[in-house]
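Letter by letter, the chains look like this.
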Amino acid sequence: MASLLDDAAREVALAPLSGWTYDGAAKAIRRQFRFKDFSEAFAFMTRVALAAEKAGHHPDWSNGYNRVEIALSTHDAGGLTERDIALATAIDAIAL
Ligand SMILES: C[C@H](O)[C@H](O)[C@H]1CNC2=NC(N)=NC(=O)C2=N1
């Protein structure tokens, strides 16, 4: 199982990821994305879903029209691990 990132490792890992913030209560990182319309938002979600399946690591998310809110946490480990950082990086590349 991936090991939890401590506070210092989390700071280092989050530094290059703009827009992701740490939610200490949820032990997750969060980011909100906005798109032109629902079709664009859902196309993004489809691509993220495929990347998540490939990684075997999945987002907790919600969608309302053109907004997609994503939280990443490693449930098996009970907090943030490198798997969340890797998926956040992949998601950012998809959103470009
Ligand atoms: C067995 C399988 O690898 C696990 O259940 C995976 C699937 N996707 C997952 N996704 C997330 N975000 N956290 C997990 O702990 C997790 N576990």
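First, a word on what this report is: a plain description of the structure on this page. Keep in mind the model is a prediction, meaning the values are calculated, not measured.

Following the sequence through the fold, Asn 66 ends up in the loop between β3 (60-64) and β4 (67-72). According to the relative accessible area criterion, Asn 66 is buried, its value standing at 15%. Ignoring sequence-local partners within four residues, the contact set of Asn 66 consists of Phe 33, Arg 34, Phe 35, Lys 36, Asp 37, Phe 38 and Ala 41.

Take the site of the ligand next. Around the ligand, the surrounding shell consists of Gly 56, His 57, His 58, Ser 73, Thr 74, His 75 and Asp 76. Contact between the ligand and His 58: a nitrogen atom at 2.8 Å from a main-chain N or O atom of the residue. For the ligand, the accessible surface in isolation is 390 Å², of which the surrounding protein chains cover 62%.

This brings us to the packing of aromatic side chains. Counting across every chain of the model gives four aromatic pairs. Plain terms: the ring middles of Phe 33 and Phe 44 are 5.0 Å apart, the flat faces sit at 45 degrees to each other, and that makes the pair tilted. Residue Phe 33 is found in strand β2 (residues 28-34), and its partner Phe 44 is found in helix α2 (residues 38-55); the two are separated by 11 residues along the sequence. As far as burial versus exposure is concerned, Phe 33 and Phe 44 are alike and both buried. With a centroid separation of 5.7 Å and 25 degrees between ring planes, the pair formed by Phe 38 and Phe 42 is classed as stacked. On the criterion of helical spacing, the pair formed by Phe 38 and Phe 42 is a turn pair, its members being four residues apart in helix α2. Residue classification places Phe 38 among the partly exposed residues on the basis of a relative accessible area of 38%. Sitting over the face of the ring of Tyr 22, Arg 10 holds its NZ or CZ atom 3.8 Å from the ring centroid.

Time to look at the packing of α2 against helix α3 (residues 82-95). Interaxial distance between α2 and α3 falls to 10 Å at its minimum, and their mutual angle equals 145 degrees. Relative to α3, α2 is oriented so that their crossing is right-handed. Every residue of α3 that contacts α2 at Phe 44, Arg 47, Val 48, Ala 51, Ala 52 and Ala 55 is listed here: Arg 83, Leu 87, Ile 91, Ile 94 and Ala 95. Looking at the contact of α2 with α3 residue by residue, the class counts come to nine nonpolar, no polar and two charged.

Here we take up the sheet that holds strand β1 (residues 21-23). Spatially, the four strands line up as an open sheet ordered β1-β2-β4-β3, and their pairing is antiparallel. Strand pairing shows two members of the sheet lacking a second neighbour, β1 and β3, which therefore form its edges. Across the sheet, the mean angle from the axis of one strand to that of its neighbour is 25 degrees, orientation sign disregarded. As defined by bridge partners, β2 adjoins β4 across six bridges and the pair is classed as antiparallel. Residue pairing across strands places Arg 30 opposite Ala 71, the latter belonging to β4. Along the sheet, α2 makes contact with β2, β3 and β4, crossing β3 at roughly 165 degrees.

Rules used throughout
Residues numbered from 1 in each chain as written. Predicted model: local features only at pLDDT ≥ 70, side-chain atom pairs only at ≥ 80, totals over all residues. Heavy atoms only, no water. Helix = DSSP H or I, 4+ residues; strand = E, 2+ residues; numbered from the N terminus. Buried < 20%, exposed > 50% of the residue type's maximum accessible area, 1.4 Å probe, protein only. Contact = heavy atoms within 4.5 Å. Near = heavy atom within 4 Å. Polar contact = N/O pair within 3.5 Å; in protein donor to acceptor, adjacent residues only side chain to side chain. Areas by Shrake-Rupley, 256 points an atom, 1.4 Å probe, with all protein chains shown as cover. Phe/Tyr/Trp six-rings, centres within 6.5 Å; stacked < 30°, edge-to-face > 60°. Lys NZ or Arg CZ within 6 Å of the ring centre and 35° of its normal. Axes fitted to C-alpha atoms, helices over the stretch in contact; angles between N-to-C directions. Left-handed = near helix turned anticlockwise from the far one by under 90°. Nonpolar A, V, L, I, M, F, W, Y, C, P; charged D, E, K, R; others polar. Pairing = 2+ DSSP bridges.

Coordinates in, geometry out; function isn't part of it.
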